[in-house]
Amino acid sequence: MARLKTASALLVPLLPRASALQYQLVKEYNASNIFEEFDFFSGPDPTGGFVQFVSKEVAASTPLIGNSSDLIYIGVDDSNIYTPGGVGRPSVRLESKLTFTEGLFVIDLTHIPVGCGTWPALWTTGLNHWPTDGEIDIIENVNDARANNAAVHATGDCFVDAATSQTGTWKSTDCSIGHDDNQGCGTVFTDPFNYGSEFNANGGGVYAMEWTSDAIKIWFFPPTSVPLTLLNGGVPDSATFGAPSSIFSGSCSDSFSEKFFNHSIVIDTTFCGGWAGGTFGTGTSACPIKEGLSPQDSCIDFVASNPEAFKDAYWGIRSVKVWE
């Protein structure tokens, strides 16, 4: 995901290594500040989705956003029917005004958008000169998928090592944006309840992404297994997190500092597009193919015509914390 925009920079040096990285909290986004600290992107979807990304004023008046009960709500229009040949279903794309280079990103969620035609994602990327400054997809998948797909996208030759202690299953170890239509290097998570309707029914969970100059690691923790150092205002100790769901390291990580820098945090839900539309109703997906239409056209027809199908296409987020 992700492509354009500008942002101001926040560069805080890492503290010296001891037995584990010693972190300090540099930013917390929660219900009290997120809609002031993030820009609302309202241009055409860079991924070609059937979507209208709306301004903050439109989102608040519709409403597509909310921050009651200390919970961040980021939704989509689930009330109106649209024309398949039109501009698409309204949604929200948020981009953090601050940028970050390396650190530990901790996302505490209660709900991930689900449903046929949906393409939700939470990731970090450089918005000034994509893809030169790279992209790290922390949470992403499409349609009625049940497993998270984490991925890394980089310029030039960039391979990571498949022989790691991650618990997830590799889709690819070639991170180059030129590989397989920008698939990037990616991992399918195998942790129970890590994505989709099962994630939501299980009460959500916590994702953590640790980005250093020599590795990018991503963990998923269900509500009952969140490490103690991530609870009750503690200082996180990634050495206690256990095996990551995904580890990106190896020969390419020698140049991570040149390929990943000045990232904004991006949160959105789009519809159809290259991934959700191209796989709509295919493989294990039970999304309905309309007779005579391709998967992409079936996706657009479904998204345009079935507002009630998107009641659960929303993000429920307690907080996003950045440690450096």
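Within an unreviewed UniProt entry, the label attached to the protein reads Glycoside hydrolase family 16 protein, and the organism entered is Karstenula rhodostoma CBS 690.94.

(A) Representation of the overall build of the protein. For the protein, the helix and strand inventory stands at six helices and 20 strands. On C-alpha atoms alone, the protein measures out to a radius of gyration of 19 Å, which is about the 20 Å that the 2.2 N^0.38 rule sets for 324 residues. Each principal axis of the C-alpha distribution contributes one length, and for the protein these read about 60 × 40 × 40 Å. Expressed as a percentage of its 324 residues, the buried residues of the protein come to 55%. Taking contacts inside the protein between residues at least 6 apart in sequence as the whole, the part at least 24 apart equals 72%. When the accessible surface of the protein is split by element, carbon and sulfur atoms take 51% of a total near 12,700 Å².

(B) Layout of the state of the cysteines. Following the criterion strictly, the structure yields four disulfides and no others. Here Cys 158 pairs with Cys 252 through a disulfide, and the sulfurs are 1.8 Å apart. Note on the Cys 158 and Cys 252 pair: the S-S dihedral is about -95°, so by sign convention the disulfide is left-handed. Placement of Cys 158 in the loop between β13 (149-153) and β14 (169-172) and of Cys 252 in the loop between β18 (246-248) and α4 (256-259) is noted, with a sequence separation of 94 residues between them. By the burial criterion, Cys 158 is buried, and Cys 252 matches it. Across the protein, the disulfide pattern expressed with sequentially numbered bonded cysteines is 1-7, 2-5, 3-4, 6-8.

(C) Just the sheet that holds strand β11 (residues 118-125), in detail. Taken in spatial order, the eight strands make up an open sheet running β3-β8-β19-β11-β12-β13-β15-β14, and their pairing is antiparallel. Edge positions in the open sheet fall to β3 (38-40) and β14, since each of these has one partner strand only. For this sheet the average axis-to-axis angle between neighbouring strands, irrespective of direction, equals 20°. As paired elements, strand β8 (residues 93-96) and strand β19 (residues 264-271) share three bridges and run antiparallel to each other. Among the inter-strand pairings, Glu 95 is bridged to a residue of β19, identified as Val 266.

The rules behind each value
- Residues numbered from 1 in each chain as written.
- Predicted model: local features only at pLDDT ≥ 70, side-chain atom pairs only at ≥ 80, totals over all residues.
- Heavy atoms only, no water.
- Helix = DSSP H or I, 4+ residues; strand = E, 2+ residues; numbered from the N terminus.
- Rg over C-alpha atoms; globule rule 2.2 N^0.38 Å.
- Buried < 20%, exposed > 50% of the residue type's maximum accessible area, 1.4 Å probe, protein only.
- Contact = heavy atoms within 4.5 Å.
- Areas by Shrake-Rupley, 256 points an atom, 1.4 Å probe, with all protein chains shown as cover.
- Disulfide = S-S within 2.5 Å.
- Pairing = 2+ DSSP bridges.
- Axes fitted to C-alpha atoms, helices over the stretch in contact; angles between N-to-C directions.

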